[in-house]
Amino acid sequence: MTLVATIIAICGACAEKTYIPKAPDYDNPIMWVTADGDVDSTGADIFYVVSTWEEDWRTIGGQVSHYADVWNTVHREHMSRELNKVKDYMSPGNRFFAPYYRHTTIQAFLTKSEKIISKRARLALSDVYAAFDYFQAQRDKSRPLVIAGFSQGGLAVVNLLKHMDDETYSQLAAAYVMGYKVTKADMAESSHIRPAQGESDTGVTICYNTVKDVKYIQPIIASSDICINPVNWHTDATPAVLHDTITITLSPEYHVLVATGYSASEYPPYRNFINVGDIHSCEPWLYSDCLAKNIAVRAKEWRKNKKR
């Protein structure tokens with residue numbers, strides 16, 4: 001190797017050294033957004049995983065980081081925007097728990113490389129597992145469990161289903177994967193991933209992604225092998241009307257929801273990656289009323305099944 005090539009190789013190796021923020025301490029209440037809205041103790045315990053909020057950033061010393069810093073008040077404030085809005089519609093009638101975690105930055109997904117996403121998500125997932133295990137150790141396991149997440153949070157939910165043991169899975173009323181994919185490989189890897197077939201089955205995974213047309217599917221996020229319509233809870237192409245003017249129709253061929261009569265103008269395109277014909281950013285919000293009602297239905301059904 002020439003001297004120039006050696007220098008280039010060394011510099012390239014140096015460029016790969018990134019800053020890893022300090023791990024969260026889930027015994028510390030500042031690491032959580034929580035709410036207890038279950039006044040009559042008939043609801044579910046919800047564990048929610050937030051989506052991607054940070055871009056690559058640099059420390060004062062100039063090191064780049066591919067991860068959110070949970071000890072950084074600005075990063076926590078970013079995540080809290082989503083967490084508190086989701087809490088507002090999921091916590092009534094339920095107990096809500098959502099951890100801050102070192103989610104990987106959007107740059108991982110911009111590469112559109114499964115290998116890079118998987119590699120960088122390992123640290124994020126280790127935090128989610130730690131938070132979930134802490135949550136499980138504290139909660140009343142006679143109550144139904146619901147796990148939910150949006151985007152990178154949806155990726156985390158898929159992996160949480162693989163991470164949990166059979167005893168924990170027996171407590172699951174439902175898992176909601178909003179704005180991320182569930183593949184045949186995921187289902188082959190874990191018997192805990194069972195596609196929902198209707199409105200009230202339990203121990204199942206609800207997965208959906210929304211586009212204006214199937215030609216806008218973003219494969220790295222939405223090339224799913226399962227989908228259910230959260231408006232009518234059908235897995236076929238039966239259309240459903242939402243908010244009187246929006247029609248949501250599931251494509252059985254592509255396993256996505258196609259929205260018509262909805263401009264989604266409140267979600268501007270981001271780096272020509274999301275919200276470009278797909279409507280990725282709408283997933284936790286467009287169907288919020290449907291999701292809140294469905295959590296109650298599945299929690300009630302889980303309790304009924306447990307008594308049998």
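About the criteria used
- Residues numbered from 1 in each chain as written.
- Predicted model: local features only at pLDDT ≥ 70, side-chain atom pairs only at ≥ 80, totals over all residues.
- Heavy atoms only, no water.
- Salt bridge = Lys/Arg side-chain N within 4 Å of Asp/Glu carboxyl O.
- Helix = DSSP H or I, 4+ residues; strand = E, 2+ residues; numbered from the N terminus.
- Buried < 20%, exposed > 50% of the residue type's maximum accessible area, 1.4 Å probe, protein only.
- pLDDT = per-residue confidence, 0-100.
- Contact = heavy atoms within 4.5 Å.
- Disulfide = S-S within 2.5 Å.
- Pairing = 2+ DSSP bridges.
- Axes fitted to C-alpha atoms, helices over the stretch in contact; angles between N-to-C directions.

## Points about the pattern of salt bridges
Reasoning step 1: Scanning the entire structure with this criterion turns up 12 salt bridges.
Reasoning step 2: In this structure, Asp 127 engages Arg 102 in a salt bridge whose closest nitrogen and oxygen atoms are separated by 2.8 Å. Remark: Arg 102 occurs in the loop between strand 5 (95-99) and helix 3 (106-110) and Asp 127 occurs in helix 4 (residues 114-138); sequence separation between them is 25 residues.
Reasoning step 3: When its relative accessible area of 7% is taken as the criterion, Arg 102 is described as buried.
Reasoning step 4: Lys 162 is the partner of Asp 186 in a salt bridge, and the nearest nitrogen-oxygen pair spans 2.8 Å. Residue Asp 186 is found in helix 7 (residues 184-189), and its partner Lys 162 is found in helix 5 (residues 152-163); the two are separated by 24 residues along the sequence.

## What to know about the confidence of the model for the protein chain
Reasoning step 1: Taken as a whole, the protein chain shows an average pLDDT of 94; of its residues, 95% reach a score of 70 or greater.
Reasoning step 2: Between residues 1-15, whose pLDDT stays under 50, and residues either more than four places distant or in other chains, the model counts 2 contacts.

## Describing the state of the cysteines
Reasoning step 1: Considering all chains together, one arrives at 0 disulfides under this definition.
Reasoning step 2: Cys 227 forms no disulfide, and the closest cysteine sulfur to it belongs to Cys 207, at a distance of 6.4 Å.
Reasoning step 3: Free cysteine: Cys 282, not disulfide-bonded; nearest cysteine sulfur from Cys 290 at 12 Å.

## Structural notes on the sheet that holds strand 8 (residues 204-208)
Reasoning step 1: Judged by pairing direction, the sheet is mixed, and its 6 strands sit side by side in the order 1-5-2-6-7-8 without closing on themselves. Both outer strands of the open sheet, strand 1 (32-36) and strand 8, are each paired with one neighbouring strand and no more. Direction aside, the axes of adjacent strands within the sheet are offset by 15 degrees on average.
Reasoning step 2: Pairing analysis gives 5 bridges linking strand 2 (residues 45-49) to strand 6 (residues 145-150), with the strands arranged parallel. Bridging from a neighbouring strand, Phe 47 pairs with Ile 147 of strand 6.
Reasoning step 3: The strands that helix 5 touches are strand 2, strand 6, strand 7 (172-178) and strand 8; relative to strand 6, the one it contacts most, it runs at about 140 degrees.

## A look at the sheet that holds strand 11 (residues 246-251)
Reasoning step 1: Pairing in this open sheet of 4 strands is mixed, and the strands run 9-12-11-10 from one edge to the other. The strands lining the two open edges of the sheet, one partner per strand, are strand 9 (210-211) and strand 10 (240-242).
Reasoning step 2: Relative to strand 12 (residues 256-260), strand 11 runs antiparallel, the two being bridged by 5 bridges. Its bridge partner being in strand 12, Thr 247 is matched across the sheet by Thr 260.

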